[in-house]
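# Overview (structure and organization)
Each chain, written out:
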Protein chains: 2
Amino acid sequence: MWVMAERATRTRQRRADGDRTRAAILDAAVRLSTVDGLEGLSIGNLAKDLGMSKGGVYAHFDSKQDLQLATVEAAGVIFRSEVIEPALTADPGVPQLLAFCDGFFDHLERRVFPGGCFFAGAALEMGTHRGPVQEKVAEFHSGFVQLIRDVVRTAVQLRQLPPDEDPAALALELNGTLLAADTSFVMYDDPSVLDLGRRVVRRRLGLAVTRRDETPEESENPQ
Amino acid sequence: MWVMAERATRTRQRRADGDRTRAAILDAAVRLSTVDGLEGLSIGNLAKDLGMSKGGVYAHFDSKQDLQLATVEAAGVIFRSEVIEPALTADPGVPQLLAFCDGFFDHLERRVFPGGCFFAGAALEMGTHRGPVQEKVAEFHSGFVQLIRDVVRTAVQLRQLPPDEDPAALALELNGTLLAADTSFVMYDDPSVLDLGRRVVRRRLGLAVTRRDETPEESENPQ
DNA sequence: CCTACCGATCGGTAGG
DNA sequence: CCTACCGATCGGTAGG
């Protein structure tokens, strides 16, 4: 009896170690791939970063593509927990839209990913290389855009936005502002573009923008 | 006398051949790098694509970085002639802003670069790799953004846009819409997102958006 | 999870 | 503009 228990414990322990190692590999893979890209990520570099051998990495992933797929998955888990889920606790409609965007700017500023938004980079890099990895990135991207569209639709129903507001159009605008801010932030390493992004989003959602040099009233379009 | 003339002709001919080869290399380099990235671009692949040897490529470029710098330069010349310069023939202010954006959407649709906007990809890829290449990409990027800001300022002066319009904010919004459209276009290979982008830009610039299912009057914000 | 190895390709050079 | 080569690294495998 104790033999079986002992063996079960050992198996559980070993699996737990394996899972921890796998998680550590993926954590490093997500980090490195936001800097070097999903293609630029190499098993050799990854192993060196972790202080282990290439064979050790291959014990957890059958191929580079397998590693890339798991890396996209792991990045999605991080993005969901760091950006999407916190924003979903805000009130439905415009407050949630604002929370998505602010959460995005914040995750850049906190450098959740050292090379900027994982999915912005992955989308442009893998968009030209059709295959399972591109499909997984596209799936996440379209899910995020669809989520924004749904919340815009809710905001319209709640009369927080005008009835003719096109959800797809506003989703493109908001997503675009996030992408442009990410690009400038990565390029110039300057957080001031994130403040500009925050102001743009507030104005577009019809919210007051407080700046030192103007009163909220002046924000109204006088035409 | 004829010897010098002969030699000059030969030299000119040889230089012309060399220039033509160099231009052909850069044309292929721009094309390949929008698909594989500026780092993913390899001298071997480039030579194979051109049907020449690696040594032939190294006869024109001292190093990969030298090739990358020339590739960014060549992409800039293409982007200027295909997008920026045609737009500058439009009337100053809002018409020029519209022309920049329409020109950008058109250059995607015409597949001037097979892998989408060269600079969108290059900015995200090289943003995390500081050096001469990143600086050249950043220089072009900031020049484009500055150009948009200047034209917004002109539009405000011409009273085509409200006096409180923030040039930096509108530049971020327009640039963002272009980036979001590029990302979706590359990812899903679907030109319909370009039409969505065109509508978004027109609306943001206060221009009539004609759609089958609504009159321009309905586009006004009823709040 | 390791060492030791495979063929292919990388950026780059020598010499012509 | 070519061939022939360099050391380093790539993704991946074998065997333990």
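The text that follows walks through the structure, step by step, so that each part is easy to find. (Residues numbered from 1 in each chain as written. Chains lettered and ligands numbered in written order. Predicted model: local features only at pLDDT ≥ 70, side-chain atom pairs only at ≥ 80, totals over all residues. Heavy atoms only, no water.)

With that settled, consider the relation of the copies chain A and chain B. Overlaying chain A on chain B yields an RMSD of 0.0 Å, the required transformation being a rotation through 180 degrees with an accompanying axial translation of 0.0 Å. Both chain copies can therefore be described as sitting about a two-fold axis. No C-alpha of chain A lies nearer the rotation axis than that of A:Gly176, which sits 1.9 Å from it. An overlap of 96% is found between the interface residues of chain A and their copies at the interface of chain B, pointing to a shared contact surface. (Least-squares fit on C-alpha atoms with pLDDT ≥ 70 in both. Contact = heavy atoms within 4.5 Å.)

A word on helix α5 (residues 94–109) of chain A. Residue and element names in this part refer to chain A. Over its 16 residues, α5 extends 22 Å from the first C-alpha to the last, a length consistent with the 22 Å expected when each residue adds 1.5 Å. When we look at burial in α5, the residues that qualify are Val 94, Gln 96, Leu 97, Leu 98, Phe 100, Cys 101, Asp 102, Gly 103, Phe 104, Phe 105, His 107 and Leu 108. Taken together, the buried residues of α5 touch α4 (64–88), α7 (132–157), α8 (167–188) and α9 (192–204). Immediately beyond the C-terminal end of α5, within one or two residues, lies Arg 111, with a positive phi of roughly 55 degrees. (Helix = DSSP H or I, 4+ residues; strand = E, 2+ residues; numbered from the N terminus. Expected span 1.5 Å × (residues − 1). Buried < 20%, exposed > 50% of the residue type's maximum accessible area, 1.4 Å probe, protein only.)

Around DNA strand D, the structure places 15 residues, and the nearest of them are A:Ser42, A:Tyr58, A:Lys64, B:Thr21 and B:Ser53. Each atom of DNA strand D within 4 Å of the protein was assigned to sugar, phosphate or base; sugar and phosphate come to 56%. Contacts to DNA strand D include B:His60, whose side-chain N or O atom sits 3.1 Å from a phosphate oxygen. (Near = heavy atom within 4 Å. Polar contact = N/O pair within 3.5 Å; in protein donor to acceptor, adjacent residues only side chain to side chain.)

Next up on the list: the layout of surface pockets. In this model, the second largest pocket occupies a volume close to 600 Å³. Lining the second largest pocket are 38 residues, with A:Gly37, A:Glu125, B:Gly37, B:Gly121 and B:Glu125 positioned closest to its centre. When residues of the lining of the second largest pocket are traced back to their parent elements, those giving at least two are α1 (2–40) and α6 (118–126) of chain A together with α1 (2–40) and α6 (118–126) of chain B. For the lining of the second largest pocket, the residue count by class is twelve nonpolar, 18 polar and eight charged. (1 Å grid on protein atoms, 1.4 Å probe; cavity = no way out; pocket = protein on both sides within 12 Å on 5 of 7 lines; lining within 4 Å. Points joined across faces, edges and corners; volume = space filled by probe spheres on them. Nonpolar A, V, L, I, M, F, W, Y, C, P; charged D, E, K, R; others polar.)

The partner chain B presents 52 residues to the 54 residues of chain A that form the contact. Taken together, both faces of the contact between chain A and chain B bury some 4000 Å²; the carbon and sulfur share is 63%. The salt bridge involving B:Asp164 is made with A:Arg203; its shortest N-O contact spans 3.2 Å. Counting across the interface, chain A meets chain B through 20 residue pairs in polar contact (both at pLDDT 80 or more). Elements that contribute at least two residues to the side of chain A that touches chain B include exactly α1, α6, α7, α8 and α9 of chain A. Per element, the largest residue contribution to the side of chain A that touches chain B is 16 residues, and it comes from α8(A). Of the residues that constitute the side of chain A that touches chain B, the class distribution is 22 nonpolar, 19 polar and 13 charged. (Buried area = accessible area lost by both parts, 1.4 Å probe. Salt bridge = Lys/Arg side-chain N within 4 Å of Asp/Glu carboxyl O.)

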